[in-house]
Amino acid sequence: MRKTLVVLVAVFFLVGGQFQTRAQTNASDSAVPASQSADTDINKATQNFIEKLASSVAQTRKNDNHVVVGDITDIKDQEFTVLANAGDTYTVAFIEGNLTKIYQIVNGQKKELKQSDLKKGNFVIVSGVISDKSVTANVVYVDQPYMVESGSITEISNTDYYIKVTTPEKDNFTVDVETYTKINAVNIKTLALERIGFSKLKEGDIIHFVYQPSLSAKEKNRVSARRILMIPQEYFIK
Amino acid sequence: MKKETIIAVILGIGFGLAVAFFMITKTKQSDLQSKKAISVDNKVSPTGSAPNKVGQALVVTSPKDNAVVSTDKIKIQGKTSRDALVVIQSPADDLVFTEKTDQFSVDFPLTLGENVIRVSVYPKDKTLPEQQKELRVYYLDEQ
């Protein structure tokens, strides 16, 4: 009986050993000796640790270089409130002694402002030390928000100079073309951008447009385009 | 050899084979699970006639959304399908190009403050839908 047990155990380990070799081969897709495999594991662990450390450092740097962006909803003596784009509300404090710099961005240039120049409704970018929902502002930029949209032209008014556009998400926009609106078209052969007039726009063309959102807009989704980039429908049927 | 020894050997081999078969089957299953394709949750705008057909998903690898930079130019890098028409638009500039490979890398200007940048892709295969990604980059000159 003892002999039987010995033989049984021997056969089991023999077959089990074969399987273990196969499993190792599967795991690494190549024949790796056990010592080398252990080395690889240690290297992998070290690599993971280095990657985690680098990621943590990068995250810390990113946090340090963070900004709060949104509209001013309330202003008090030494602080103001910002409703951020993500929906969170931040309390922004000025550094005592007028050390917080405030600038207005106009046409890509910055112009220095005073604290008293900030108004409710201003769109601001606040750079400083952020702790939870409080910010100690180093610099406040008063900027103008712009949006970018695209869609295909469904209607053109040659008398009122507007175009109706349906976006890929099926939103409808009425885009007013103003005297300051710059319109460029893509040359379908060279892909160069060419300046065109309003009359060159056609129903079915794709346009990409930049506009400034306005709370005082008379109609929802009625916007004035700053720039329009048109891709002729011929590009898509060539 | 004794009869009981032969029986023990046969039983041992049988048991070993059963265990090996079970383990190999399990390994194959776990291999399959780890290699299973993961669907990409991407903002795809169906405009073509085949809304279920999706090519190489548009991926913008750089810059990250809400990045803060101190230079007036950035490199926009990403992945899309070959020969697709790529349109990049922001308040600062418009850029239109096609790329022979599935990767693109272009310099793009920034204006001081917030830059809303929209990357749109029209695949060469016109039956595939347009894809878009929007990111915000803040160019702040804090001097």
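Each value, and the rule that gives it
Residue positions are given per chain, counted from 1 along the sequence in the order it is written. Throughout, the order in which chains and ligands are written sets their labels, letters from A for the former and numbers from 1 for the latter. With the structure being a predicted model, the display of local features is reserved for residues of pLDDT at least 70 and the display and counting of side-chain atom pairs for 80 or more, all residues being used for whole-chain, interface and lining totals. The helix count covers DSSP runs of H or I at least four residues long, the strand count covers runs of E at least two residues long, and both are numbered beginning at the N terminus. Once C-beta atoms are placed from the backbone, each residue is buried if 20 or more other C-beta atoms lie within 10 Å of its own, exposed if 12 or fewer, and partly exposed for counts between those two. Any residue pair is listed as a contact if its two C-beta atoms, each placed from the backbone, are within 7 Å. Whether two strands pair depends on DSSP finding at least two bridges between them. Lines fitted to C-alpha atoms define the axes here, with helix axes fitted over just the stretch in contact, and angles between the N-to-C directions of these axes take values from 0 to 180 degrees. One nonpolar core equals one set of buried Ala, Val, Leu, Ile, Met, Phe, Trp, Tyr and Cys residues connected by C-beta atoms within 7 Å. pLDDT measures how confident the predictor is about each residue, on a scale from 0 to 100.

1. With respect to the overall build of chain B
For chain B, the helix and strand inventory stands at 1 helix and 9 strands. Starting at the N terminus and walking to the C terminus, you meet the elements of chain B as α-β-β-β-β-β-β-β-β-β. Out of the 143 residues in chain B, the part that is buried amounts to 27%. For chain B, the share of sequence-separated contacts (at least 6 apart) that also reach a separation of at least 24 residues comes to 60%.

2. Side note on the overall build of chain A
Looking only at helices and strands, chain A has 3 helices and 13 strands in total. For chain A, long-range pairs separated by at least 24 residues make up 49% of all intrachain contacts whose partners lie at least 6 apart in sequence.

3. Here we look at unusual backbone geometry
Put simply, serine 62 of chain B and proline 63 of chain B share a cis peptide bond, and its omega is 0°. With respect to the secondary-structure elements, proline 63 of chain B resides in the loop between strand E2 (59–62) and strand E3 (67–69). Although it is not a glycine, aspartate 132 of chain A adopts a positive phi angle of roughly 55°. Look at asparagine 66 of chain B: it is not a glycine, yet its phi comes out positive at around 65°. With respect to the element layout, asparagine 66 of chain B can be found in the loop between E2 and E3.

4. What to know about the pairing of strand E5 (residues 85–89) of chain B
Residue and element names in this part refer to chain B. Most of E5 sits out of view: 5 of its 5 residues are buried. Side-chain alternation along E5 places Leu85, Val87 and Gln89 on one buried face and Val86 and Ile88 on a second face that is also buried. In this sheet, strand E6 (residues 94–98) lies alongside E5 in antiparallel orientation, the contact comprising 5 bridges. Opposite leucine 85, over in E6, you have threonine 98 as the bridge partner.

5. Description of the interface of chain A and chain B
In this assembly, 40 residues from chain A lie in contact with 38 residues from chain B. Elements supplying a minimum of two residues to the side of chain A that touches chain B: helix H1 (2–28), strand E1 (67–75), strand E6 (123–131), strand E7 (134–143), strand E8 (147–157), strand E10 (172–186), strand E12 (206–211) and strand E13 (222–231) of chain A.

6. What to know about the sheet that holds strand E4 (residues 73–79) of chain B
Sheet strands pair by backbone hydrogen bonding; their relative direction is either parallel or antiparallel. Residue and element names in this part refer to chain B. Taking strand neighbours across the sheet as the criterion, the 3 strands line up as E2-E4-E7 in an open arrangement whose pairing is antiparallel. Each edge of the sheet is formed by a strand with only one pairing partner; in this case those strands are E2 and strand E7 (103–109). When strand polarity is set aside, the average angle formed by the axes of neighbouring strands in this sheet is 30°.

7. So, the nonpolar core
Residues Val124, Val126, Tyr141, Val175, Ala225 and Met230 of chain A together with Val86 of chain B are the most contacted members of the largest nonpolar core, which totals 58 residues. Among the elements that take part in this core, E13 of chain A stands out by supplying 6 residues, more than any other. Not counting chain neighbours up to four residues away, the residues in contact with valine 175 of chain A comprise Tyr162, Ile163, Val165, Phe209, Val223 and Ala225 of chain A.

8. Some words on the environment of alanine 92 of chain B
Residues and elements named next belong to chain B. Among the structural elements, alanine 92 can be located in the loop between E5 and E6. In sequence terms alanine 92 and phenylalanine 108 are 16 residues apart; their C-alpha atoms lie 8.7 Å from each other. Those residues in contact with alanine 92, other than ones at most four positions away along the chain, are Pro109, Leu110, Thr111 and Asn115.

9. Some words on the environment of asparagine 221 of chain A
Residues and elements named next belong to chain A. Note on placement: asparagine 221 falls in the loop between E12 and E13. By C-beta crowding, asparagine 221 is classed as partly exposed, having 14 other C-beta atoms within 10 Å. Here the alpha-carbon distance between asparagine 221 and asparagine 172, two residues 49 residues apart in the chain, equals 7.0 Å. Residues contacting asparagine 221, with those up to four places away along its chain left out, are Asp171, Asn172, Phe173 and Thr174.

10. Description of the confidence of the model for chain B
All names here are of chain B. Confidence in the prediction for chain B averages 83 pLDDT; 80% of positions are at 70 or higher. Confidence drops under pLDDT 50 across residues 34–52; counting only partners more than four residues distant or on other chains, this segment forms 27 contacts. Across the whole predicted complex the pTM is 0.68, and at the interface the ipTM reaches 0.70.

11. Points about the confidence of the model for chain A
Confidence in the prediction of chain A, expressed as mean pLDDT, is 84, and 76% of residues score 70 or more. Confidence over residues 17–32 of chain A falls short of pLDDT 50; this stretch has 9 contacts with residues more than four positions distant or in other chains.

12. Structural notes on the pairing of E7 of chain A
All names here are of chain A. Direction of pairing for strand E3 (residues 89–94) relative to E7: parallel, over a ladder of 4 bridges. Each residue of the ladder has a partner; that of alanine 93, found in E7, is threonine 136. Judged from the 9 bridges that link them, E6 and E7 form a sheet pairing that is antiparallel. Within E7, the position partnered with isoleucine 130 by the bridge is valine 135. Turn length for the E6-E7 hairpin, with the two strands adjacent in sequence and antiparallel, is 2 residues, and the turn residue aspartate 132 shows positive phi of about 55°.

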